[in-house]
Amino acid sequence: MITNSDYRRTIHRREAAGRQTWRNGRRWRGFHKRSVIIGAWIVLALVGSASEAGRPYRRGEWRHWVDADRDCLDTRHEVLVVESRTAPVLDQCRVVRGTWFDPYNGELIIAPQALDVDHMIPLRFAHEHGGAMWSRARKAAYANSLDDPDHLVAVSASLNRQKSDKGPDRWVPPRRASHFWYGRAWDRIVTTWRLQLQ
């Protein structure tokens, strides 16, 4: 399982993305790279079709927000704990207060009820690109994975619902400084879970 220090480094990288866009009055070269990555993802997402169309997506088959380590915190609250920039306040097994940086829009959020924990690659998208053939155990493992700190991300609930199950050909974060990070995270997770895009 990913460690808290790994999460902290990842969160720092998300926030730093916006500060590194400009250097010495000129654009940082990563600003250009992100456009290439997002462009490549648009092509791949368009080529990758819903090859498992014969198997309808059922969200209930992707059991999520489980308490895998039996510490009374389910996956959602585990993410809220490690991504809070301030010491999170818990009421029994729920996070009730903290401070979160939303990499999708660059804003700080202090109310956990305003947050969704987003699957970077949506469950339906994974289903339509190979996941339909997975066992229920593997689907649950995907839905709750904490092995990659970008697999599940605490973000604004409204933006998460705007994103819905869209691939990067149809939705990217409104915060332009996050585009490079977003494309790299998609690429890495697709590779890790061997999703089928072609």
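Given the structure is predicted, the values throughout are model-derived calculations rather than measurements.

Procedures and definitions
Residues numbered from 1 in each chain as written. Predicted model: local features only at pLDDT ≥ 70, side-chain atom pairs only at ≥ 80, totals over all residues. Heavy atoms only, no water. Core = buried A, V, L, I, M, F, W, Y, C linked by side-chain atoms within 4.5 Å. Buried < 20%, exposed > 50% of the residue type's maximum accessible area, 1.4 Å probe, protein only. Helix = DSSP H or I, 4+ residues; strand = E, 2+ residues; numbered from the N terminus. Contact = heavy atoms within 4.5 Å. Polar contact = N/O pair within 3.5 Å; in protein donor to acceptor, adjacent residues only side chain to side chain. Salt bridge = Lys/Arg side-chain N within 4 Å of Asp/Glu carboxyl O. 1 Å grid on protein atoms, 1.4 Å probe; cavity = no way out; pocket = protein on both sides within 12 Å on 5 of 7 lines; lining within 4 Å. Points joined across faces, edges and corners; volume = space filled by probe spheres on them. Nonpolar A, V, L, I, M, F, W, Y, C, P; charged D, E, K, R; others polar.

1. Details of the nonpolar core
Inference 1: Counting residues in hydrophobic clusters, the biggest one holds 24 residues, and the most contacted among them are Trp 62, Tyr 104, Met 120, Ile 121, Tyr 142, Tyr 182 and Leu 195.
Inference 2: Within the residue set of this core, elements represented by two or more residues are α4 (123-128), α5 (136-143), β8 (152-156) and α7 (179-193).
Inference 3: The leading source of residues in this core is α7, at seven residues.
Inference 4: Leaving out residues up to four positions away in the same chain, Tyr 142 has contacts with Trp 62, His 119, Ile 121, Pro 122, Leu 123, Ala 126, Trp 134, His 151, Ile 189 and Trp 193.

2. Here we look at unusual backbone geometry
Inference 1: Even without glycine at this site, Cys 72 takes up a positive phi of about 85°.
Inference 2: Locating Cys 72 in the fold gives a position in the loop between α2 (29-47) and α3 (75-83).
Inference 3: You can call Cys 72 partly exposed: its relative accessible area is 37%.
Inference 4: Phi is positive for Gln 92, which is not a glycine, with a value near 60°.
Inference 5: Along the polypeptide, Gln 92 turns up in the loop between β3 (89-91) and β4 (94-97).
Inference 6: Relative accessible area serves as the criterion here: at 72%, Gln 92 is assigned to the exposed category.

3. Details of the side chain of His 129
Inference 1: Along the chain, His 129 turns up in the loop between α4 and α5.
Inference 2: A distance of 2.8 Å separates the side chain of His 129 from the backbone oxygen of Phe 125, its partner in a polar contact.

4. Focus: the pattern of salt bridges
Inference 1: Tallied over the entire structure, the rule returns eight salt bridges.
Inference 2: In this structure, Arg 188 and Asp 148 form a salt bridge, with 2.7 Å as the shortest nitrogen-oxygen distance. Here Asp 148 lies in the loop between α5 and β8 and Arg 188 lies in helix α7, a separation of 40 residues in the sequence.
Inference 3: Given a relative accessible area of 31%, Arg 188 falls into the partly exposed group.
Inference 4: On the basis of relative accessibility, which here comes to 14%, the residue Asp 148 falls in the buried class.
Inference 5: Of the charged contacts in the structure, one is a salt bridge between Arg 188 and Asp 150, with a shortest N-O distance of 2.8 Å. With Arg 188 in helix α7 and Asp 150 in the loop between α5 and β8, this residue pair connects regions lying 38 residues apart in the sequence.
Inference 6: Assessed through its relative accessible area of 1%, Asp 150 is described here as buried.
Inference 7: Each of the salt bridges in this network shares a partner with another, and the network as a whole consists of Arg 58, Glu 61, Arg 136 and Lys 139.

5. Some remarks on the layout of surface pockets
Inference 1: Roughly 310 Å³ of volume is contained in the largest pocket.
Inference 2: For the lining of the largest pocket, the secondary-structure elements that each account for two or more residues are β7 (115-119), α4 and α6 (157-163).
Inference 3: Sorting elements by how many residues they give to the lining of the largest pocket places β7 first, with four residues.
Inference 4: For the lining of the largest pocket, a count of residues per class yields five nonpolar, three polar and seven charged.

6. A closer look at the pairing of β7
Inference 1: Taking burial as the measure, the five residues of β7 include five buried ones, the bulk of the element.
Inference 2: Of the two faces of β7, the one lined by Leu 115, Val 117 and His 119 and the one lined by Asp 116 and Asp 118 are each fully buried.

Fair warning: the whole summary comes from geometry, so function is off the table for now.
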